[in-house]
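# Architecture at a glance
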Amino acid sequence: MERREPFNNTFSSVTEFILLGFPSLQEFHGLLFGIFLPIYLLTITGNGIVFLLTNLDHKLETPMFFFVSHLSFLDLSFTTVTVPKMLAKFLINSSTISFSGCLLQMYVFLSLGSAECLLLTVMSFDRYYAICQPLQYATYMTRKRCIQLALAAWTGGFLTPLTSAILATRLPFCGPNVINHYYCDHPPLLKLACADTSLNVAVGSFFSFVVVISSFCLVLVSYTKIILSILKISSKGGRRKTFSTCASHLIVVNLFFLPIIFMYIRPVGSYISDIDSLVAMLYSILTPMLNPLIYTLRNKDIKEAFRRKLAFF
């Protein structure tokens with residue numbers, strides 16, 4: 001990988017970074033604002049409705065909706081960490097972010113992404129037990145166990161990037177300070193360091209591999225077993241409905257995991273700003289928007305809960 005010159009104390013230290021956004025689309029900020037604002041509002045509205053319904057309606061107190069409420073809150077947080085700053089750049093050209101703010105944004109973003117990887121794994125286990133082990137499902141997926149699994153996902157998510165974030169704070173940044181991305185992310189940030197980042201890259205890739213690849217493999221194994229179980233359903237209508245649901249889940253899971261694998265489990269020197277910014281949109285903007293549509297808003301129980309709340313008001 002590219003090596004940097006050792007840090008020289010005569011260089012001035014970087015106190016803020018400039019988020020370039022989409023380098024080849026600098027002349028289309030108005031159009032980009034018009035595209036991403038509705039997407040962000042749709043994401044906030046969809047996930048907000050799902051989060052409120054799953055927490056306020058007692059008929060939705062099931063393991064599946066318990067995990068869905070956590071997923072909705074994760075997606076609300078995941079997009080809010082990055083999108084408002086991006087919209088501010090498009091609208092008023094507010095592209096600067098402080099050094100500490102950049103590192104904080106990077107850590108929180110990576111933590112929420114890691115937590116979502118782990119939560120999607122837990123949700124795939126939940127669906128596996130519900131479909132493949134229905135007789136043991138109620139015994140296994142107790143309220144206490146659901147809380148433990150959700151807590152493990154959140155805790156694991158925030159612990160995973162902690163080492164990478166701490167190592168990043170120890171790097172010298174003496175210029176340039178332009179990040180070729182629309183938020184502070186680990187790979188483009190390392191490219192600006194005035195020192196060798198081999199250790200940072202190795203640690204980041206290791207934790208990314210452990211969390212992302214292991215989660216993705218476990219999700220695939222769970223859904224493979226689910227699909228094999230679905231094929232044994234005698235009712236053609238029931239088989240089609242269950243398979244359609246699982247297929248849509250798998251599409252969203254792939255939209256989330258595959259771009260993350262592309263982004264974080266590769267040499268930092270292969271980072272290409274325009275391409276990687278577009279790839280990052282798949283898991284940071286598109287997937288959070290689709291999750292409520294795929295997982296819940298098409299669900300009959302969610303629709304009935306929504307009608308009950310509307311009737312109440």
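Structure's up top.
Below: a short report on this structure. Keep in mind that what you see is a predicted model, and the values were worked out from it rather than measured. (Residues numbered from 1 in each chain as written. Predicted model: local features only at pLDDT ≥ 70, side-chain atom pairs only at ≥ 80, totals over all residues. Heavy atoms only, no water.)

Here the focus is the overall build of the protein chain. Along the protein chain, the regular secondary structure elements total 12 helices and three strands. Rg of the C-alpha trace for the protein chain: 21 Å, near the compact-globule value of 20 Å for 313 residues, within the 12% margin. Considered along the principal axes of its C-alpha atoms, the protein chain spans approximately 70 × 40 × 35 Å. Counting every position in the protein chain, which comprises 313 residues, the buried fraction comes to 47%. (Helix = DSSP H or I, 4+ residues; strand = E, 2+ residues; numbered from the N terminus. Rg over C-alpha atoms; globule rule 2.2 N^0.38 Å. Buried < 20%, exposed > 50% of the residue type's maximum accessible area, 1.4 Å probe, protein only.)

Our focus in this paragraph is unusual backbone geometry. A negative phi angle is the norm for most residues apart from glycine, just as the trans form is the norm for most peptide bonds. If you check the backbone angles, Asn93 has positive phi at about 60° while not being a glycine. Note that Asn93 resides in the loop between helix H3 (83–92) and strand E2 (96–98).

Ranked by size, the top nonpolar core spans 77 residues in total, and within it Phe17, Phe36, Phe67, Phe257 and Tyr283 carry the most contacts. For this core, the element with the highest residue contribution is helix H4 (residues 99–132), accounting for 15 residues. Setting aside its immediate chain neighbours within four residues, Phe17 contacts Ser95, Thr96, Ile97, Phe99, Cys102, Phe173, Asn177, Ile179, Leu189 and Leu192. Counting six residues, the second-largest nonpolar core is a separate cluster that includes Leu53, Met64, Phe65 and Ala305. (Core = buried A, V, L, I, M, F, W, Y, C linked by side-chain atoms within 4.5 Å. Contact = heavy atoms within 4.5 Å.)

Below, the discussion takes up the packing of aromatic side chains. Within the structure shown, the criterion is met by 23 aromatic pairs. A centroid spacing of 6.0 Å and a plane angle of 50° characterise the contact between Phe73 and Trp154, whose relative ring orientation is tilted. Taken together, the residues span a long stretch of sequence, with Phe73 in helix H2 (residues 63–80) and Trp154 in helix H6 (residues 143–159) at a distance of 81 residues. Residue class for Phe73 comes out partly exposed when judged on its relative accessible area of 37%. With 4.4 Å between their ring centres and 20° between their planes, Tyr129 and Tyr140 make a pair best called stacked. With Tyr129 in helix H4 and Tyr140 in helix H5 (residues 134–140), the pair connects residues that are 11 residues apart, well separated along the chain. A relative accessible area of 23% places Tyr129 in the partly exposed class. (Phe/Tyr/Trp six-rings, centres within 6.5 Å; stacked < 30°, edge-to-face > 60°.)

This part is about the sheet that holds strand E3 (residues 178–179). Read across the open sheet, the three strands follow the order E2-E1-E3; overall the sheet is mixed. The open sheet is flanked by E2 and E3, the only strands paired with a single partner. In this structure, strand E1 (residues 16–19) lies alongside E3, joined through two bridges in parallel fashion. Looking at the pairing, Ile18 lines up with Val178 of E3. Those strands touched by H4 are E1, E2 and E3, and its axis lies near 90° from that of E2. (Pairing = 2+ DSSP bridges. Axes fitted to C-alpha atoms, helices over the stretch in contact; angles between N-to-C directions.)

In this section: the pairing of E1. Alternating residues of E1 divide into Phe17 and Leu19, all buried, and Glu16 and Ile18, none buried. Where E1 lies against E2, three bridges are found, and the strand directions are antiparallel. Across the sheet, Phe17 pairs through a bridge with Ile97, a residue of E2.

Between the first and last C-alpha of helix H9 (residues 198–230) there are 46 Å, a value that for 33 residues agrees with the 48 Å anticipated at 1.5 Å per step. Taken as a whole, H9 carries its principal kink of about 25° at Phe209. (Expected span 1.5 Å × (residues − 1). Bend = angle between axes of the 7 residues up to and from the residue.)

Our focus in this paragraph is the packing of H4 against H6. Interhelical geometry of H4 versus H6 gives an angle of 145° and a closest axis separation of 7 Å. Crossing handedness for the pair H4 and H6: right-handed. Residues Tyr107, Ser111, Leu112, Ser114, Ala115, Leu118, Leu119 and Val122 of H4 lie in contact with H6, whose contacting residues are Leu149, Ala152, Ala153, Trp154, Gly156, Gly157 and Phe158. Taken together, the residues of the contact of H4 with H6 break down into 11 nonpolar, four polar and no charged. (Left-handed = near helix turned anticlockwise from the far one by under 90°. Nonpolar A, V, L, I, M, F, W, Y, C, P; charged D, E, K, R; others polar.)

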